[in-house]
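Fold and geometry: a report
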Amino acid sequence: MAIYDAFHLSATETRPGYIDQIRQIPQEYFAAPAAKAGRVERVEYTAPRLGRPGETCRKYCLVYLPWEYDRNPDKRYNILYMIHGGGGSPEEYLPQDGPFVRMLDHSIQNGEIAPMIVVAPTYYPPDSGDISVDFSGVCTAAFMGEMKGCILPEVEGRYRTYAPSADMDGFAASRAHRGIGGFSMGSVTTWYAFQQALSCFGWFLPLSGDSWIEGRRGGVYYPMTTARKLARAVQQQGFTPEDYLIYCITGSNDIAWDAVDAQIHAMQKQQDAFRFGTNIFYGLKDGGWHSVEEVRHYAYHALPDFFAE
Ligand code: FER
């Protein structure tokens, strides 16, 4: 909080859309499994192999189904795609009975978060071994093609989401019931989704990562052009500021903090697209580090507001 105040705000300035207190996951959520625990499935699909034109490969996502999914065979569910950070994998979020699943199970059981399907894919090709920031950047930049062309059709053809058909028309018709978020390079991916796939997603959860649509660490090196390009992407994709909600959260000790913060402040000047306190919220956790553990708390804070009617 102190850093934010010192760099950007006078003491008297109001802070619309600024999250003052980021709620923490109750400790007891990790102590024991929820009585109504969901389950995790593995879904395989075929995708073009990145960097090898003409070749395909087999990949997988992990899919979390809330406890009630099997007990309400006629009900459709909101769906959230969670993208891992650099060097990560679908297991970053969704090993069965892992801490992210515990958070989902307990908070859904307690009525804090609406029941939702959560999907953890990966932007890396299988067995590539390269987890450098450069290669991760290339993978995230290319990933929306695979999301739209391979992952959404496979997953939503299989599970009861709001998509009336598992194709682009169906995803567009159900975009208010679909979100995307992620940590670090997964947040970089989330900003690509905003720029390239607003037709599929209505809800955005970029955590501890800036937008690289203008280049690596664009938030810190090109904040104004990044913000302008994101704002323009809304119009270009045929949408208005009523059509999306962004929850962007990071921590004051996060290695991506400077980039996220500079980008957010540039976005505050793009008032045609970004209305703080209405379609975009920003949280900076005092002392928060660049870690999956922190990001679980950020997701716990934001998800109760997702998929509101
Ligand atoms: C940033 C955005 C993402 C950043 C780092 C990352 C240092 C991710 C790094 C990684 O996954 O290794 O602005 O700044």
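Read on for a plain summary of the structure. (Residues numbered from 1 in each chain as written. Predicted model: local features only at pLDDT ≥ 70, side-chain atom pairs only at ≥ 80, totals over all residues. Heavy atoms only, no water.)

1. What to know about the state of the cysteines
Inclusion rule: Throughout, a disulfide means two cysteine sulfur atoms within 2.5 Å of one another. The buried label goes to any residue with under 20% of its type's maximum accessible area, the exposed label to any with over 50%, and the partly exposed label to all in between, with areas taken from a 1.4 Å probe on protein chains only.
On inspection of all chains with the given rule, the structure shows 0 disulfides. The thiol of Cys57 is not disulfide-bonded; the next cysteine sulfur, from Cys150, is found 8.6 Å away. Judged by its relative accessible area of 8%, Cys57 falls in the buried class.

2. Points about unusual backbone geometry
Glycine aside, a negative phi is what most residues show, and trans is what most peptide bonds show. In the Ramachandran plot, Arg217 falls in the positive-phi region, its phi being about 55° despite a non-glycine side chain. The backbone of Phe307 shows a phi angle near 65°, a positive value even though the residue is not glycine. Judged by its relative accessible area of 5%, Phe307 is buried.

3. Things to note about the sheet that holds strand 3 (residues 56-65)
Applicable threshold: Strand pairing is assigned whenever DSSP identifies at least 2 bridges connecting the two strands. Counting from the N terminus, the helices are DSSP H or I runs at least four residues long and the strands are E runs at least two residues long.
Pairing is mixed across the open sheet formed by 9 strands, whose spatial order is 1-9-8-7-6-4-5-3-2. Every interior strand has two partners, whereas the edge strands, strand 1 (18-19) and strand 2 (39-48), have only one. Relative to strand 6 (residues 178-183), strand 4 (residues 78-83) runs parallel, the two sharing 5 bridges. The residue bridging Ile79 from the neighbouring strand is Arg178, located in strand 6.

4. Overview of helix 3 (residues 99-109)
Worth spelling out the cut-off: Any two residues having at least one pair of non-hydrogen atoms within 4.5 Å are treated as being in contact.
When you tally the buried positions in helix 3, you get 9 out of 11 residues, the bulk of the element. Listing the buried residues of helix 3 in full gives Phe100, Val101, Arg102, Met103, Leu104, Asp105, His106, Ser107 and Ile108. Here the buried face of helix 3 lies against helix 2 (28-31), strand 2, strand 3, strand 4, strand 5 (116-120) and helix 10 (292-302). Two residues or fewer past helix 3, Gly111 is found with a positive phi of approximately 75°.

5. Considering the site of the ligand
Applied cut-off: Residues are counted as near a molecule or strand when any one of their heavy atoms sits within 4 Å of it. Polar contact criterion, stated in full: a pair of N or O atoms within 3.5 Å, where within protein one must be able to donate a hydrogen and the other to accept it, and residues adjacent in sequence count only if both atoms are side-chain atoms. To be clear on the numbers: accessible area is Shrake-Rupley with a 1.4 Å probe, and residue cover counts the displayed protein chains and nothing else. Using protein atoms alone on a 1 Å grid, points that fit a 1.4 Å probe yet trap it form a cavity, whereas open point sets bounded by protein on both sides within 12 Å along at least five of seven lines form a pocket; residues with an atom within 4 Å of a point count as lining. More than half of a molecule's atoms within 2 Å of the grid points is what it takes for that molecule to sit in a cavity or pocket.
Taken together, Gly86, Val133, Ser184, Met185, Asp210, Trp212, Arg217, Ile255, Ala256 and Ala259 make up the full set of residues adjacent to the ligand. Contact between the ligand and Asp210: an oxygen atom at 2.6 Å from a side-chain N or O atom of the residue. Separating an oxygen atom of the ligand from a side-chain N or O atom of Arg217 is a distance of 2.6 Å. Protein chains bury 80% of the 370 Å² of accessible surface belonging to the ligand in isolation. One can see that the ligand is located within the largest pocket.

6. Some points on the environment of Met267
Mapped onto the elements, Met267 comes out in helix 9 (residues 257-267). A residue is classified by how much of its surface remains accessible, and Met267, at 0% relative accessible area, is buried. Once residues lying within four places of it in the same chain are set aside, the contact partners of Met267 are Trp191, Ala227, Leu230, Ile246, Phe274, Phe276 and Ile280.

7. Some remarks on the pairing of strand 5
The test is simple: The handedness of a crossover follows from its direction of travel: if, with the strands pointing away from the viewer, the path from the first strand over the helix to the second runs clockwise, the crossover is right-handed.
Most of strand 5 sits inside the fold, with 5 of its 5 residues counted as buried. Here strand 5 shows a buried face lined by Met116, Val118 and Ala120 and a second buried face lined by Ile117 and Val119. Pairing between strand 3 and strand 5: 3 bridges, direction antiparallel. Within the sheet, the bridge partner assigned to Tyr64 lies in strand 5 and is Val118. Considered for its hand, the β-α-β crossover made up of strand 4, helix 3 and strand 5 is right-handed.

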